[in-house]
Amino acid sequence: MRDVVLIILILAFVVASFRRPYFMALGYIWVDFLQPQRLTYSFLNGAPVALFMAIGAMVFYVFMEDKQRIRLGVVQALIIFLVLYAGLNTFGWAIVTNHALQKWDWVWKGLLFSVFLPWVLTTRRRVEAAAFVMVLSTSAITISGGIKTLLGGGGYGTVSFLVKSNSGLYEGSTLATVALSFIPLTLWLYRRNTIMKRSLLTLLATAGIIFSMTLVTVGAEARTGLVAGAMLVLLLWLTSRRKLVFGAAVVAAAAIAVPLLPASFTERMSTIKTYDEDESASTRLAVWKWTLDFVKENPFGGGFGVYRINRIEVDLQRRQGDADNVATSSTTVTDKARAFHNSFFEVLGELGYLGAVVYVAIVVLALRAAWMLKNISTGDPESDMWFRDLGTMMSVSLLVYMTGSMFVSIAFQPPYYDLLAITIAATHIARRERLANKADEKVGPRRPPAGLGTTAAAKA
């Protein structure tokens, strides 16, 4: 039954694209996020659905879409360069060839499609539609994980989602970061979207989605989620017009929620203070040191998945006794093939110094683009509110994502680049609207046709 439903949804995107060509691009986003080929048991299982949708989106754009003149921006050019450099790295000097090829297979498609998206998202409604697909695709996973968390199925590395997998959005720390970074986008959709009118139903749906995104963070028991969540609350408070009310609501929610948290969650979060006693936290620091030493000898990086060659030794501290009489002992643990657990170190280790510089430039310019959108003026107050609120929420989303990425390797995950694509698309739309409004101002009010009186001219 699940296979049939997923196939029908894919076909629906394809059929709708003959009337609205950009629906094929929306279908790619849906496939890229939800990965239906992993959810099926027969026909679609393992099929290159994402590649099919990506090619279809470009074909529909070339032959059926009304084109808009959009220049290739600096950020898009940097992403293209990063893909080309990663390809040269993968096929040129990657150390762990098989894993490098596996990662390359999804990295190049996701990043290049994000470059293509702004050419498709040429209206505000299309931007809203893309945001809806991103939020709803993610919420399908968070709702599943949230329900299982409520039923007692949570736990670090054990919470189950729609499919048994530990990659992409189906990995706990990654999902926690993406879900929390999508909460501002969800709030923006509720406030500003023109596709669905605000009502009690949309309010309840928004609240349910945000609750599931928060709940799945608890269920995953990822410390990444705690740090990213703290950044989210701080940024939403800073952007709130009613800081006192917002702060009081956060305190009240925390007072209610904290006593209800499972003991396993609070125990795991407490290890942030005692990182030197926790093997997972300590090995991250050791891996980062290993990466710095590695790129000194390999300045161009070692290719995707190079962390699999690392072998590290970690000194763990063991403390016993009460606060007044603590006995401390040390033990050395040897570990190998430990992931980077940091997006910046991920890029540094895999693509070297040049790749890291390009990645940092993309991050900085992405935040700059969102900030510019936040302060843009088109000449239409209603449009300005739409763009500025999007810029504010996108700034929050990008910063929350970056905060989470300091503790998990998600430098090449598509959600970040899709957020960036929406920001770039909105910037192009705002500029086009501003130029159109300026052109209207230069033309001035239209003169009434000959023979019409003053009253008729006023009505016109």
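Refer to the preceding data block for the structure.
Residues numbered from 1 in each chain as written. Predicted model: local features only at pLDDT ≥ 70, side-chain atom pairs only at ≥ 80, totals over all residues. Heavy atoms only, no water.

**Brief notes about the overall build of the chain**
Tallying secondary structure elements over the chain gives 17 helices and 2 strands in all. The buried share among the 460 residues of the chain stands at 50%. Of the contacts made within the chain by residues no fewer than 6 positions apart, 77% connect residues no fewer than 24 positions apart. (Helix = DSSP H or I, 4+ residues; strand = E, 2+ residues; numbered from the N terminus. Buried < 20%, exposed > 50% of the residue type's maximum accessible area, 1.4 Å probe, protein only. Contact = heavy atoms within 4.5 Å.)

**Here we look at empty space enclosed by the protein**
Which parts of space are left empty comes out when a probe the size of a water molecule is rolled across the atoms. Inspection of every chain in the model, using the stated rule, returns 1 cavity of 30 Å³ or more. Here the largest cavity defines a volume of roughly 40 Å³. Of all the elements in the fold, those that place two or more residues in the lining of the largest cavity are helix 2 (23–34), helix 4 (49–64) and helix 6 (97–120). Here the lining of the largest cavity gets 3 residues from one element, more than from any other, and that element is helix 4. (1 Å grid on protein atoms, 1.4 Å probe; cavity = no way out; pocket = protein on both sides within 12 Å on 5 of 7 lines; lining within 4 Å. Points joined across faces, edges and corners; volume = space filled by probe spheres on them.)

**A look at the pattern of salt bridges**
This model, assessed by the stated rule, comprises 10 salt bridges. Through salt bridges with shared partners, one network takes in Lys103, Glu346 and Glu350. (Salt bridge = Lys/Arg side-chain N within 4 Å of Asp/Glu carboxyl O.)

**With respect to the environment of Glu65**
Within the secondary structure, Glu65 is located in the loop between helix 4 and helix 5 (74–92). In sequence terms Glu65 and Ser17 are 48 residues apart; their C-alpha atoms lie 10.0 Å from each other. Setting aside chain neighbours within four positions, we find Glu65 in contact with Pro21, Tyr22, Phe60 and Arg126. For Glu65, the side chain forms a polar contact with the side chain of Arg126, separated by 3.0 Å. (Polar contact = N/O pair within 3.5 Å; in protein donor to acceptor, adjacent residues only side chain to side chain.)

**With respect to the packing of helix 8 (residues 172–192) against helix 15 (residues 381–405)**
Following both chains from N to C, one finds helix 8 and helix 15 inclined at 170°, their axes separated by 7 Å at the closest point. The pairing of helix 8 with helix 15 is recorded here as roughly antiparallel in orientation. Every residue of helix 15 that contacts helix 8 at Thr177, Val178, Leu180, Ser181, Pro184, Leu185, Trp188, Arg191 and Arg192 is listed here: Met385, Trp386, Asp389, Leu390, Met393, Met394, Val396, Ser397, Val400, Tyr401, Gly404 and Ser405. For the contact of helix 8 with helix 15, a count of residues per class yields 13 nonpolar, 5 polar and 3 charged. (Axes fitted to C-alpha atoms, helices over the stretch in contact; angles between N-to-C directions. Parallel < 35°, antiparallel > 145°, perpendicular 65-115°, else oblique. Nonpolar A, V, L, I, M, F, W, Y, C, P; charged D, E, K, R; others polar.)

**What to know about the environment of Phe345**
Mapped onto the elements of the fold, Phe345 is located in helix 14 (residues 343–374). When the C-alpha atoms of Phe345 and Leu292 are compared, they prove to be 8.2 Å apart, with 53 residues separating the residues in sequence. Among all residues touching Phe345, those that are not within four sequence positions of it are Trp288, Thr291, Leu292 and Phe340.

**Some words on the packing of aromatic side chains**
All told, the structure shown has 20 aromatic pairs when counted by the stated rule. Both rings, one in Phe13 and one in Trp30, keep their centres 5.7 Å apart while their planes meet at 35°; by these two values the pair is tilted. Taken together, the residues span a long stretch of sequence, with Phe13 in helix 1 (residues 2–17) and Trp30 in helix 2 at a distance of 17 residues. Phe13 sits in the buried class, given a relative accessible area of 14%. Here Trp30 falls in the buried class, since its relative accessible area comes to 9%. Across from the ring centre of Trp386, 5.6 Å away, lies the NZ or CZ of Arg124, which sits over that ring. Here the basic side chain of Lys374 rests over the ring of Trp371, its NZ or CZ set 4.6 Å away from the ring centre. (Phe/Tyr/Trp six-rings, centres within 6.5 Å; stacked < 30°, edge-to-face > 60°. Lys NZ or Arg CZ within 6 Å of the ring centre and 35° of its normal.)

**Observations concerning the nonpolar core**
The nonpolar side chains of a soluble globular protein tend to be buried with one another. If you look at the biggest cluster of nonpolar residues, it comprises 105 residues, and the most contacted ones within it are Val127, Leu185, Trp188, Leu390 and Phe412. Discounting residues that sit within four places of it in the chain, Trp188 has contacts with Val127, Glu128, Ala131, Asn193, Trp386, Asp389, Leu390 and Met393. Tyr307, Phe340, Leu348 and Ala356 belong to the second-largest nonpolar core, a separate cluster that totals 14 residues. (Core = buried A, V, L, I, M, F, W, Y, C linked by side-chain atoms within 4.5 Å.)

**Side note on helix 14**
In a regular helix each residue adds 1.5 Å, so 32 residues correspond to 46 Å; helix 14 covers only 26 Å between its end C-alpha atoms and thus falls short of that length. At the N-terminal end of helix 14, a side-chain oxygen is found 2.8 Å from the backbone nitrogen of Phe344, two or three residues along, and the residue is Asn342. (Expected span 1.5 Å × (residues − 1).)

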